Amino acid sequence: GAGVSQSPSNKVTEKGKDVELRCDPISGHTALYWYRQSLGQGLEFLIYFQGNSAPDKSGLPSDRFSAERTGGSVSTLTIQRTQQEDSAVYLCASSLLAGGLSPYEQYFGPGTRLTVT
Amino acid sequence: DAKTTQPTSMDCAEGRAANLPCNHSTISGNEYVYWYRQIHSQGPQYIIHGLKNNETNEMASLIITEDRKSSTLILPHATLRDTAVYYCIVRVAGSGDKLTFGTGTRLAVRP
């Protein structure tokens, strides 16, 4: 079956420009996450959507970052006025939350490599 | 989430079993052990998870000690494609929370 897809796979932009990154989660998955990973670093949480609940934006590094999820499916991460320190791989993951105490796993997309010059 | 410690790097010969250890001595009773891996230039990939009992799936086996303070991920017949960074995480089930990866173990499978 189809996994999580992200587009574009690579994006090079000039400092100060805005960029939009797209994530298509696995069909039926109610939870969607955005992370970023700088070269040689661990995973940094950015934002989390779960159903119709208000998103958890606690990981967004600045107000230049925003994300939305339309119709409970596709999500777009927008970075305004990009800076060189925004260069990283942006990863999207989705999961199917089970009820009660059932565990779940997150399935990741291939990522978008963003380079700000 | 409980902290985990893993060796920085390991290697094994192709076709042999790869045993990756993880210590999680402060794990709570309701925390599961999860394993993910990340192959170079790819997104992280879920491998397996467990609570108390040993678990096996098509990718790997997970052995959890009786006191749950440590676990071992076993790749029974490692291939070159298993070369990756392996992350051990402990977290509450169904928490709907973000993942936090440590530095993981860089496994190199030798031909």
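For the structure, see preceding data.
Residues numbered from 1 in each chain as written. Chains lettered and ligands numbered in written order. Predicted model: local features only at pLDDT ≥ 70, side-chain atom pairs only at ≥ 80, totals over all residues. Heavy atoms only, no water.

**What about the nonpolar core?**
Note on soluble globular proteins: their nonpolar side chains tend to be buried together. All names here are of chain B. With 22 residues, the main nonpolar core has Trp35, Leu73, Tyr86 and Leu107 as its most contacted residues. Listing elements by their share of this core, those giving two or more residues are strand S2 (18–23), strand S3 (31–38), strand S4 (45–50), strand S6 (61–64), strand S7 (70–75), strand S8 (84–92) and strand S9 (105–110). If you tally residues by element for this core, the top one is S8, at four residues. When sequence neighbours within four positions are dropped, the list of residues in contact with leucine 107 reads Met10, Asp11, Cys12, Ala18, Leu20, Leu75, Asp82, Thr83, Ala84 and Tyr86. (Core = buried A, V, L, I, M, F, W, Y, C linked by side-chain atoms within 4.5 Å. Buried < 20%, exposed > 50% of the residue type's maximum accessible area, 1.4 Å probe, protein only. Helix = DSSP H or I, 4+ residues; strand = E, 2+ residues; numbered from the N terminus. Contact = heavy atoms within 4.5 Å.)

**Here we look at the sheet that holds strand S3 (residues 19–24) of chain A**
Residue and element names in this part refer to chain A. What the four strands build is an open sheet, ordered S1-S3-S7-S6; its pairing is antiparallel. Every interior strand has two partners, whereas the edge strands, strand S1 (5–7) and strand S6 (65–69), have only one. Here the average twist between neighbouring strands, direction ignored, is 15°. Summarising the sheet, S3 and strand S7 (residues 75–79) pair through five bridges and their orientation is antiparallel. When the bridges of S7 are listed, cysteine 23 appears paired with serine 75. (Pairing = 2+ DSSP bridges. Axes fitted to C-alpha atoms, helices over the stretch in contact; angles between N-to-C directions.)

**Re the pattern of salt bridges**
This model, assessed by the stated rule, comprises six salt bridges over all chains. For the salt bridge of Glu44(A) with Arg36(A), the shortest nitrogen-to-oxygen distance reads 2.8 Å. Look at Glu44(A) and you get partly exposed, because its relative accessible area is 32%. Measuring nitrogen to oxygen at the nearest pair gives 3.5 Å for the salt bridge that ties Asp11(B) to Arg110(B). With Asp11(B) in strand S1 (residues 9–13) and Arg110(B) in strand S9, this pair connects stretches of sequence that are 99 residues apart. The exposure class of Asp11(B) is partly exposed, given its relative accessible area of 46%. What makes Arg110(B) partly exposed here is its relative accessible area of 41%. (Salt bridge = Lys/Arg side-chain N within 4 Å of Asp/Glu carboxyl O.)

**Here we look at the packing of aromatic side chains**
In total, this model carries nine aromatic pairs over all chains according to the counting rule given. With centroids separated by 5.8 Å and ring planes inclined at 75°, the aromatic side chains of Tyr36(B) and Tyr46(B) adopt a geometry described as edge-to-face. Of this pair, Tyr36(B) sits in strand S3 while Tyr46(B) sits in strand S4; the two residues are 10 residues apart in sequence, bridging distant segments of the chain. The same class applies to Tyr36(B) and to Tyr46(B), which are both buried. Relative to Phe101(B), the ring of Tyr87(B) lies with its centre 4.4 Å away and its plane at 25°, an arrangement referred to as stacked. On the criterion of sequence distance, the pair formed by Tyr87(B) in strand S8 and Phe101(B) in the loop between S8 and S9 is long-range, its members being 14 residues apart. Among the residues examined, Tyr87(B) registers a relative accessible area of 6% and is labelled buried. Its relative accessible area of 6% is what places Phe101(B) among the buried residues. One aromatic cluster in this structure is built from Tyr33(A), Tyr35(A), Phe45(A), Tyr48(A), Tyr107(A), Phe108(A), Tyr36(B), Tyr46(B), Tyr87(B) and Phe101(B). Sitting over the ring of Tyr34(B), Arg91(B) keeps its end group 5.9 Å from the ring centre. (Phe/Tyr/Trp six-rings, centres within 6.5 Å; stacked < 30°, edge-to-face > 60°. Lys NZ or Arg CZ within 6 Å of the ring centre and 35° of its normal.)

So yeah, pure geometry; function would need other evidence.
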